[in-house]
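If you want the building blocks of each chain, they are given just below.
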Amino acid sequence: MHFEIDRETFLKPLQSIIGVVERRQTLPILSNILIVADSNSLSLTSTDLEVELQAHLSLPVEEPGQITVPARKLLDIVRNLPDESRLTVRVEQDRAIIQSGRSQFRLMTLPAGDFPSVEDIGDVEEIELSQANLRWLIDKTHFAMALQDVRYYLNGLLLELEPDHLRAVATDGHRLALAEFNAQIALEQPRQVIVPRKGIQEILRLLEHSDEPVRVELGNNHIRARLPHLRFTSKLIDGRFPDYQRVIPEADGNCVHIDRESLRQGLVRASILSNEKYRGVRVVLSGDSVTIRSENPEQEQAEEELSAEYGGDDLEIGFNAGYMLDAVGAIEQPSIEMFVTDANASALIRGEGESQVRYVVMPMRL
Amino acid sequence: MTAPNRTIMHVDMDAFFASVELLRRPELAGQPVVVGGRGDPNRRGVVSTATYEARQYGIHSAMPLRRALELCPHAVFLPVDLAAYRTASTEVFALLRELSEHIEPVGLDEAYLDVSHRPEPPRDLGAELKARIHSRTRLTGSVGLAPNRLLAKIASDLEKPDGLTELTLDDVPDRVWPLPVRTLHGVGPRTGERLADLGIETIGDLAATPVERLATAFPANHAQALSERAHGHDERPVAPRRQRKSIGRETTFQKDCRSSARLAWLAEEMLTGLVPRLTERGLRARTVTVKIRYRDFVTQTRSLSLNEASADPDTLAAAVQECLRQHTLHRAVRLLGVSLSQLTDTPEGPQQLSIIQ
């Protein structure tokens, strides 16, 4: 293998795929990336066995070949070379040699044939949408995914494809986020897939706020997204996502209308004096105000009174301020509406007049 | 035998969890109320406590909630709220400690006290304690007084609820011997069965059986102990119990088990039996362990630690199933064990409610 490349041309794809190379690896080859040089193109692949990222670039190659090299070391070398350097990469026996000007690096390699890349994901169904739309779906929901929950199907994002809808749902059992938009989706039948947390975090990094298309392929056990110069592949979580429709309350009953920014700031300030571990705050609804109170084990107290529009009975509900802030932070409308029942029932939070994005937060008993 | 001059008191609160619930839901008084699990009889969980009204339908603790619902479809089911019971328990125990420093709590609602040093007549002591508990908490308890723990426990049960009963060794033939042998501390279902095989149904039957005959069915020291207990003798001191490190169960299969579905079901059954032992002591567990011994005696354990200690049946069951999934299960299994450890009795912090189970 032998090719020449500009530092900047090499650096960008390396940075795009480095995310799935974990620092602690049980399999040594997972610390490496696979470099495949064809006559006029180069591909770079990384994997953690769950998520695979592959970058492509067109490039004249002097001598085709395949090899794997330590990912982070390669990235660090390329990053620290001077701007506008020109690099030569070649393999001699079992070493990869990176040369640039008067710098030379000899890296250990492992055989390309041992690299566990996923080429074929079986029969697939395909849909196409804009990067911005997919990014929006994930952006509005991903923070509600569970983290290392024993209910493994919660450690991911549910993507639901219906003939005229695309929907994303995440829940950690305590709160839930749902975003959806209308789209003509050419699928034979509706599909539900759960994309693992790690895959969602990676694809979110790769998607841009642009109208450029992303092609999504759904296999039986994998999801694959094709972006310009990048291919993302993730295993799917094999499990049944809970029946989320059942737990989303109707938008009726007692409703609070409140300015988003003042609610956000009130929550941020009140949570300073909440119990750091639980972040519980009391939200008191009464007449034309919302009062947020907190108290920590040292018995320091905070109180924030916010003006709001509320027609219901006086009510006090405990919430995890973090869950509320996640929801409030993701809402774009300047005003928020929150539907509440009592101190034991979930609250529905959404932007004023919004129907595509909904947040459900369960109270906390303080 | 030591001099029979000890006075042991056994205090057992009446339908404790249910009574605490009734205090804050007085409108439920007189109705059959069942406290257990998450308070939903269609979900996993067993009865922690039932009111006396519910017990009339045959509902008793440790019974699956579903079964309780069958027995009494109009019963009111409430979720276990340990924080509330702990608060009430703390008040009761404060009163008990005023009576004696020699106190051995058994869970949140039961305790043995050695009151030998008190000058008052035992019966007065018991009556006053009951009055004070009631005026402080509006809850009732039953008190048994006797020269030892064994009889004190039997005594507290004789006139339940709101009972006050004193038993002496002289009362044993008349009041203790007619009771079923299972009433005796240490006679569980297995021992009970084996005694029944010997034709022993009541404590009196047991007392009348020579130790030699018992020794044909039990190890010698066990036979001896059974016989002594049947005569009302018990010298165990009242001592604060060591903190439990774990609660667990194991079972060895008569025939090796090859079905992972059956293992999953059995593990869940075992857990269902363990959870009440956790809640009645006011404990929560952080670590769940599933132990498997294969046919070739290779033994493996898989554990899972939760983010936070829990006594919630669903959370623990999910952890048990996850542990089971982590076992390779490639050979026939001869033993299955489920245990809960890293037990804690510190009160739960704020409780985040769940959207989904």
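For the structure, check the block above.
Everything in this summary refers to the structure shown in the same document. (Residues numbered from 1 in each chain as written. Chains lettered and ligands numbered in written order. Predicted model: local features only at pLDDT ≥ 70, side-chain atom pairs only at ≥ 80, totals over all residues. Heavy atoms only, no water.)

**Thoughts on the overall build of chain A**
Consideration 1: Helix and strand counts for chain A stand at six helices and 26 strands.
Consideration 2: Within chain A, the proportion of its 366 residues that are buried is 54%.
Consideration 3: Pairs at least 24 residues apart make up 66% of the contacts formed inside chain A by residues separated by at least 6 positions.
Consideration 4: Carbon together with sulfur atoms contributes 43% to the accessible area of chain A, which is approximately 17,300 Å² in total. (Helix = DSSP H or I, 4+ residues; strand = E, 2+ residues; numbered from the N terminus. Buried < 20%, exposed > 50% of the residue type's maximum accessible area, 1.4 Å probe, protein only. Contact = heavy atoms within 4.5 Å. Areas by Shrake-Rupley, 256 points an atom, 1.4 Å probe, with all protein chains shown as cover.)

**Brief notes about the interface of chain B and chain A**
Consideration 1: Every contact between the two is made by 15 residues of chain B and, on the other side, 23 residues of chain A.
Consideration 2: Both sides together, the interface formed by chain B and chain A hides about 1,700 Å², and carbon and sulfur atoms give 64% of it.
Consideration 3: Applying the counting criterion to the chain B and chain A interface returns zero salt bridges.
Consideration 4: Joining chain B to chain A, the criterion identifies five residue pairs in polar contact (both at pLDDT 80 or more).
Consideration 5: Only strand 11 (299–310), helix 13 (313–326) and strand 13 (351–352) of chain B provide two or more residues apiece to the side of chain B that touches chain A.
Consideration 6: Per-element tally for the side of chain B that touches chain A: the top contributor is helix 13 of chain B, with four residues.
Consideration 7: Residues belonging to the side of chain B that touches chain A are distributed by class as follows: seven nonpolar, five polar and three charged.
Consideration 8: Note that strand 26 (residues 364–365) of chain A and strand 13 of chain B share two bridges and pair antiparallel. Note on strand 13 of chain B: the bridge partner recorded for Met364(A) is Gln352(B). (Buried area = accessible area lost by both parts, 1.4 Å probe. Salt bridge = Lys/Arg side-chain N within 4 Å of Asp/Glu carboxyl O. Polar contact = N/O pair within 3.5 Å; in protein donor to acceptor, adjacent residues only side chain to side chain. Nonpolar A, V, L, I, M, F, W, Y, C, P; charged D, E, K, R; others polar. Pairing = 2+ DSSP bridges.)

**Structural notes on the packing of aromatic side chains**
Consideration 1: Counted under the stated rule, the structure contains six aromatic pairs over all chains.
Consideration 2: Pairing Phe3(A) with Phe10(A) gives two aromatic rings, centres 6.2 Å apart and planes at 85 degrees, and the pair type is edge-to-face.
Consideration 3: Ring geometry for Phe143(A) against Tyr359(A): centres 5.8 Å apart, planes inclined by 35 degrees, an arrangement best described as tilted. Here Phe143(A), found in the loop between helix 3 (131–139) and strand 11 (156–162), pairs with Tyr359(A), found in strand 25 (residues 357–361); they are 216 residues apart in sequence, far enough to count as distant. Each of the two residues, Phe143(A) as well as Tyr359(A), counts as buried.
Consideration 4: Members of the aromatic cluster, joined through ring pairs, are Phe16(B), Phe17(B) and Tyr85(B).
Consideration 5: The residue whose ring lies beneath Arg55(B) is Tyr52(B), and the NZ or CZ to ring-centre distance is 4.4 Å. (Phe/Tyr/Trp six-rings, centres within 6.5 Å; stacked < 30°, edge-to-face > 60°. Lys NZ or Arg CZ within 6 Å of the ring centre and 35° of its normal.)

**Focus on helix 4 (residues 82–99) of chain B**
Consideration 1: Over its 18 residues, helix 4 of chain B extends 25 Å from the first C-alpha to the last, a length consistent with the 26 Å expected when each residue adds 1.5 Å.
Consideration 2: When helix 4 of chain B is considered as a whole, its buried residues turn out to be Leu82(B), Ala84(B), Tyr85(B), Arg86(B), Ala88(B), Ser89(B), Val92(B), Phe93(B), Leu95(B), Leu96(B) and Leu99(B). (Expected span 1.5 Å × (residues − 1).)

**Let's talk about helix 2 (residues 71–80) of chain A**
Residue and element names in this part refer to chain A.
Consideration 1: Among all positions of helix 2, only Ala 71, Leu 74, Leu 75, Ile 77 and Val 78 are buried. Angular distribution of buried residues about the axis of helix 2 spans 160 degrees; they occupy a single face of the element. Away from its buried face by more than 90 degrees, helix 2 exposes Lys 73 and Asn 80.
Consideration 2: On its buried face, helix 2 sits against helix 1 (7–17), strand 2 (32–37), strand 6 (65–70), strand 7 (86–92), strand 8 (95–100) and strand 9 (103–108). (Arc of directions from axis to C-beta.)

**As for the sheet that holds strand 3 (residues 47–50) of chain B**
Residues and elements named next belong to chain B.
Consideration 1: Here three strands make up an open sheet; going across it, the order is 3-2-4 and the pairing mixed. The open sheet has two free edges, formed respectively by strand 3 and strand 4 (76–78), since each of these has just one partner strand. Neighbour-to-neighbour, the strand axes of this sheet turn through a mean angle of 25 degrees, independent of strand direction.
Consideration 2: Against the sheet, helix 1 (residues 16–24) contacts strand 2 (33–36), strand 3 and strand 4, and its axis sits at roughly 65 degrees relative to strand 3. (Axes fitted to C-alpha atoms, helices over the stretch in contact; angles between N-to-C directions.)

**Quick look at the sheet that holds strand 22 (residues 315–320) of chain A**
All names here are of chain A.
Consideration 1: Read from one edge of the open sheet, 12 strands run 14-11-12-13-25-24-23-18-21-20-19-22, paired in antiparallel fashion. Of all the strands in the sheet, just strand 14 (191–196) and strand 22 have a single pairing partner and so form its edges. Strand-to-strand twist in this sheet, taken as the mean axis angle between neighbours without regard to direction, amounts to 25 degrees.
Consideration 2: Pairing of strand 11 with strand 12 (residues 165–171) involves five bridges; the strand directions are antiparallel. If you follow Glu 162 over to strand 12, its bridge partner there is His 165.
Consideration 3: Across the sheet, helix 3 touches strand 11, strand 12, strand 13 (175–182) and strand 25, and the angle it forms with strand 13 is around 160 degrees.
Consideration 4: Sheet strands in contact with helix 5 (residues 260–271) are strand 18 (254–259), strand 19 (280–286), strand 20 (289–295), strand 21 (301–310) and strand 23 (335–340), and its direction is about 160 degrees off that of strand 21.

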